[in-house]
Amino acid sequence: MELFQYPYMQRALIGALVIGLAAPALGIYLVQRRLTLIGDGIGHVALTGVGAGLLLNRSPVLVAVIVATVGAIAIEVVRARGRTSGDLALALLFYGGIAGGVLLVGLSDATSANLNAYLFGSLLSTSMADLITVGVLGAAILITMIVLRPALFAISHDEEYARVSGLPVRTLNLLIAVTTAVTVTIAMRAVGVLLISALMVVPVATAQQVTRGFRSTMTAAMALGFFAAGSGVWVAATADTPPGASVVLLAIASFLVVAVAGAVWRAVRRRTAPAPVPAPEPHEVVLH
Amino acid sequence: MSTPVITVEHGAVGYDGRPVLRDVSLTVTAGEVVAVLGANGSGKSTLIRAILGLVPLSAGSITLFDRPLRQFRQWQRIGYVPQRLGAGGGVPATVREVVASGRLARRGILRPPGAADRAAVDAALRAVGLADRAADPVSTLSGGQQQRTLIARALSGRPELLILDEPTAGVDAASQEAFAGALRDFVADGGTVLLVAHELGPLRPVISRAVVVHQGGVCHDGPVPDPAGHHAEPDHDHVHPHGPDEPAGLWSN
């Protein structure tokens with residue numbers, strides 16, 4: 001525990017905890033819209049921003065925010081236009097993003113250790129300025145996702161209905177895209193661009209196995225994200241592993257624990273109640 | 001007394017150049033309950049999607065509450081009930097959460113829900129007989145109960161006009177009755193209804209006028225026609241696997 005007496009460790013921990021809360025609060029909307037991989041794609045695009053920042057000697061995080069936001073808006077425009085050509089367009093954007101990033105980092109003076117820190121997170125790299133950026137943007141993401149929950153829930157759940165309700169669907173979609181880009185980039189220091197998507201999605205997947213409503217899923221996912229980020233940073237510090245990897249592995253471990261526990265619980269309940277009461281109406285519906 | 005609520009004049013809609021509606025004119029006035037009938041693929045769902053602005057018109061015009069559709073902004077006056085509830089990515093949502101979405105048109109996106117919103121959601125849940133299921137995930141409900149959830153969502157916004165897309169398709173008898181009751185109450189309070197249906201079932205006594213769409217045009221506008229031929233048999237299951245090629249046998253006299 002004495003490791004956390006060092007200011008750089010405290011900064012890394014606080015940064016990770018903010019992201020652990022904010023990432024699932026946004027991720028739940030992405031999961032509901034079947035866009036779970038979008039964070040990963042935007043992470044690829046953000047890497048080009050990191051490369052450009054390193055090459056131009058500007059703040060890589062700042063340049064990455066700009067590049068990722070532009071990329072996220074492009075993805076949203078492609079998504080809103082139609083789906084058939086969108087799939088390929090997304091692939092081009094993702095691979096172009098990571099190739100551009102690796103190329104630009106290669107052209108700069110940065111070492112491969114530098115690149116690794118952006119890809120998978122690093123405990124040593126969070127400066128005070130970084131922490132303030134993470135804190136302010138993280139709080140902004142959290143507040144936006146919670147205040148706009150009814151509207152974002154409505155468009156994630158049924159976009160056509162939201163449109164007929166007169167909601168600004170296009171603006172809200174762009175807001176989600178931009179927020180995703182910002183989340184990916186502020187998480188870069190702690191978790192890394194390649195693993196942040198997991199922190200948006202896995203806590204939601206874990207929570208929804210046991211919850212009954214949207215709001216409770218969001219709350220539980222945020223708690224799980226907070227726990228995974230905190231304990232992941234602790235494991236990374238103790239075992240000297242990249243923090244991104246330990247945070248994500250802990251999140252996936254919680255998923256497995258809950259999945260197994262849920263299966264066992266259902267099996268036990270079935271055995272203790274041998275004569276199940278038939279449901280009043282059959283589940284005849286096919287959900288699309 | 002007979003203020004027009006919906007006016008469609010010479011409306012035409014095409015998907016990818018293929019015409020679905022050719023030349024449709026329709027007026028619904030306040031207090032009416034109009035059923036749009038027709039075989040699968042006749043364009044009846046497209047007609048209401050065009051009225052809601054979800055599909056663009058290629059010709060003609062639509063007016064809602066005396067406003068051209070393009071300028072219409074008072075969406076809280078309309079309650080829309082789609083054919084079915086999408087499951088999306090599988091994040092659970094309770095019946096109450098889904099129904100509460102119906103308040104957004106009235107409340108706006110920034111204001112948090114207040115006592116009036118909660119009361120309206122409660123009333124809508126009672127109207128469709130789902131008050132005891134409010135805290136259950138919608139995915140555990142039967143198809144008919146999910147359909148009632150969507151109707152409650154539309155009712156919770158206290159609309160003046162309800163637009164429903166096949167509200168009774170594949171719905172069990174108990175839910176059809178609950179739905180017909182909710183619709184009767186809505187009409188008794190002065191509401192206007194436009195619904196698309198393949199069959200009317202228990203809704204039949206509530207309908208004041210029927211519009212039959214056939215091959216992209218209106219071929220009947222007046223009293224509800226009687227079912228004819230094999231459609232009149234009580235055990236007819238209304239399955240039309242060949243969809244668009246179905247002749248208009250049901251409605252052509």
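This text follows the structure it describes.
Residues numbered from 1 in each chain as written. Chains lettered and ligands numbered in written order. Predicted model: local features only at pLDDT ≥ 70, side-chain atom pairs only at ≥ 80, totals over all residues. Heavy atoms only, no water.

With that out of the way, let us pick up unusual backbone geometry. Comment: phi is negative for the bulk of residues other than glycine, and the bulk of peptide bonds are trans. Residue and element names in this part refer to chain B. At F65, a position not held by glycine, the phi torsion is positive, near 45°. As for its placement among the helices and strands, F65 is situated in the loop between β4 (59–64) and β5 (67–68). Among the residues examined, F65 registers a relative accessible area of 12% and is labelled buried. Positive phi, close to 50°, is recorded for Q215, a residue that is not glycine. On the basis of relative accessibility, which here comes to 56%, the residue Q215 falls in the exposed class. (Helix = DSSP H or I, 4+ residues; strand = E, 2+ residues; numbered from the N terminus. Buried < 20%, exposed > 50% of the residue type's maximum accessible area, 1.4 Å probe, protein only.)

Here we come to the nonpolar core. Counting residues in each nonpolar core, the largest one holds 118 residues, and the members touching the most others are I19 of chain A together with L164 and L195 of chain B. When residues of this core are assigned to their parent elements, the largest contribution, 12 residues, is made by helix α1 (residues 7–32) of chain A. Both of domain 1 (1–76 + 190–253) and domain 2 (79–85 + 93–159) of chain B provide at least three residues apiece to this core. I19 of chain A has contacts with P24, V134, I186, A187, A190, V191, I196 and L199 of chain A, leaving out every residue within four places of it along the chain. Counting residues in each nonpolar core, the second largest holds 33 residues, with L26, V28, L52 and L64 of chain B among its members. (Core = buried A, V, L, I, M, F, W, Y, C linked by side-chain atoms within 4.5 Å. Domains from an automatic or database assignment. Contact = heavy atoms within 4.5 Å.)

So, on to helix α4 (residues 115–127) of chain B. Residues and elements named next belong to chain B. Over its 13 residues, α4 runs 18 Å from end to end, which matches the ideal 18 Å to within 8%, given 1.5 Å per residue. Those residues of α4 that sit buried are D117, A120, V121, A124 and L125. Along the axis of α4, the buried residues cluster in a sector spanning 135°; they form a single face. Residues of α4 that are exposed and point more than 90 degrees away from the buried face comprise A115, A116 and R126. Once α4 finishes, G129 follows within two positions and takes phi at roughly 75°, a positive value. (Expected span 1.5 Å × (residues − 1). Arc of directions from axis to C-beta.)

Shape descriptors only; they carry no functional weight alone.
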